[in-house]
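# Summary of structural features
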Amino acid sequence: MISRRRFSQISAAMGLSLMNSVNALSIKTQNSSPIVVSTWNNKKANQIAYDALIEEPGALLDAIESAVNSVEENEKDLSVGYGGLPDNSGKVSLDACIMDHKHNAGSVCFLRDIVHAVSVARKVMEESPHVMLAGQGAQDFALEHGFEKTNMLSEQAEKAYLKWKKNPVFSPEINGERHDTIGLLAMDSASDLSGACSTSGLSYKTPGRVGDSPIIGSGLYVDNKVGAATATGLGELIMKCCSTFLVVEKMKQGLSPENACRYAIEMIVETQDYSGKQAGLIAINKQGEVGAYAIQKGFIYTVADADGIRVLESNYYL
Ligand code: ASP
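Let me begin by describing the structure that accompanies this report. (Residues numbered from 1 in each chain as written. Predicted model: local features only at pLDDT ≥ 70, side-chain atom pairs only at ≥ 80, totals over all residues. Heavy atoms only, no water.)

A separate point is the pairing of strand E11 (residues 227-233). By the criterion of burial, E11 is predominantly enclosed, with seven of the seven residues buried. Neither face of E11 is exposed, since Gly 227, Ala 229, Ala 231 and Gly 233 on one face and Ala 228, Thr 230 and Thr 232 on the opposite face are all buried. Here strand E10 (residues 220-223) runs beside E11; their pairing, made up of four bridges, is antiparallel. Looking across to E11, one finds that Val 222 is bridged to Ala 228. (Buried < 20%, exposed > 50% of the residue type's maximum accessible area, 1.4 Å probe, protein only. Helix = DSSP H or I, 4+ residues; strand = E, 2+ residues; numbered from the N terminus. Pairing = 2+ DSSP bridges.)

Pasting the structure below:
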């Protein structure tokens, strides 16, 4: 374990913004400044959440929602929100969830024609008696709550789809541009924890396919007394191991965030055929320590705290 300050000194000395094996480090908070951690290189989203938490320390969900919204709006992100790659019928469908420090949760899956899936998930949490809405029901609920219909297929995604259609082979191996799901966890200055996850899921999936991302305990889990975790990668692997619930339970038993993520990744590789497939987990505990682990090399995540924003590479099984 290494303190955040010491970590910054090392990073500066090495002149690295992306460090392999930093993964081995956890980041311990020494003050009450907020901490935001997200999957992949989501620096902009982390900055939005961090700044919002500095400005309005109590508005944890607002900070998380606006950060995730910024990714959902970004058409260049090919696996979240507008611009996400479609299913094999050429239609984009979204999965998202949100969970707060009071153990409230909301979720939508197989949602079509709405950009801000995470905001609909929050509405489900706050304005319905349910946790999860799917498909047409989720869309109807969104429209009733003031969301607008949008054609979600960007020009770029349509082009990619038409190219794929010429040789329409589906493979569950996740590589390259096919994953970027945002899972984002935040701790505010009162050490309360919340998180959200949003994705367009696997590109060229079977219509109706839902992954881990909107499933509480698979794509996201928060236990405010213990910590929080979120996932990215092949949902079919993650959801059969309830991976984020497992990570948080392992932190409850005393494992560090990285070791808890490692435990959950090991459960995936022990139980399933993982060859050529990726799953990555990130976690934060109540002490503000952050960790991550993945099946394969190449999983990066972003941390924002009082020492700034940096993109780190996780340790991995293979
Ligand atoms: N976990 C997402 C899903 O399976 C995809 C990803 O993160 O790449 O839908």
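Still to come is the rest of the account.
Time to look at helix H2 (residues 43-55). Look at H2: 18 Å from first C-alpha to last across 13 residues, which is about the 18 Å you get at 1.5 Å a residue. Looking at H2, one finds that the buried residues are Ala 45, Asn 46, Ala 49, Tyr 50 and Leu 53. All buried residues of H2 project into a common sector of 130 degrees when viewed along the axis, lining one side. The exposed residues of H2 that point more than 90 degrees off its buried face are Lys 44 and Glu 55. (Expected span 1.5 Å × (residues − 1). Arc of directions from axis to C-beta.)

Before going further, it helps to spend a moment on the nonpolar core. One finds Val 37, Val 247, Ile 265, Ile 268, Ile 284 and Tyr 301 to be the most contacted residues of the largest nonpolar core, which totals 48 residues. Top element by residues in this core is helix H9 (residues 257-271). It accounts for six residues. Among the nonpolar cores identified, the runner-up in size contains 45 residues, and Ile 64, Val 80, Tyr 204 and Ala 304 belong to it. (Core = buried A, V, L, I, M, F, W, Y, C linked by side-chain atoms within 4.5 Å.)

At His 103, a position not held by glycine, the phi torsion is positive, near 70 degrees. The residue His 103 is located in the loop between strand E5 (94-99) and strand E6 (105-111) in this model. On the basis of relative accessible area, His 103 is assigned to the partly exposed category, the value being 42%. The phi torsion at Asp 113 lies on the positive side, around 70 degrees, for a residue other than glycine. Its place among the elements puts Asp 113 in the loop between E6 and helix H4 (117-127).

This part takes up the pattern of salt bridges. Applying the stated criterion across every chain, the model contains ten salt bridges. Here Glu 65 ties to Arg 122 by a salt bridge, and the two come within 2.6 Å at their closest N and O atoms. Taken together, the residues span a long stretch of sequence, with Glu 65 in helix H3 (residues 60-72) and Arg 122 in helix H4 at a distance of 57 residues. Of the residues examined, Glu 65 reaches a relative accessible area of 16% and is grouped as buried. Its salt-bridge partner being Lys 252, residue Glu 249 comes within 3.5 Å of it at the nearest N-O pair. Taken together, the residues Glu 249 and Lys 252, both in helix H8 (residues 243-252) and three residues apart, mark about one turn of the helix. The partly exposed category is assigned to Glu 249, whose relative accessible area is 21%. (Salt bridge = Lys/Arg side-chain N within 4 Å of Asp/Glu carboxyl O.)

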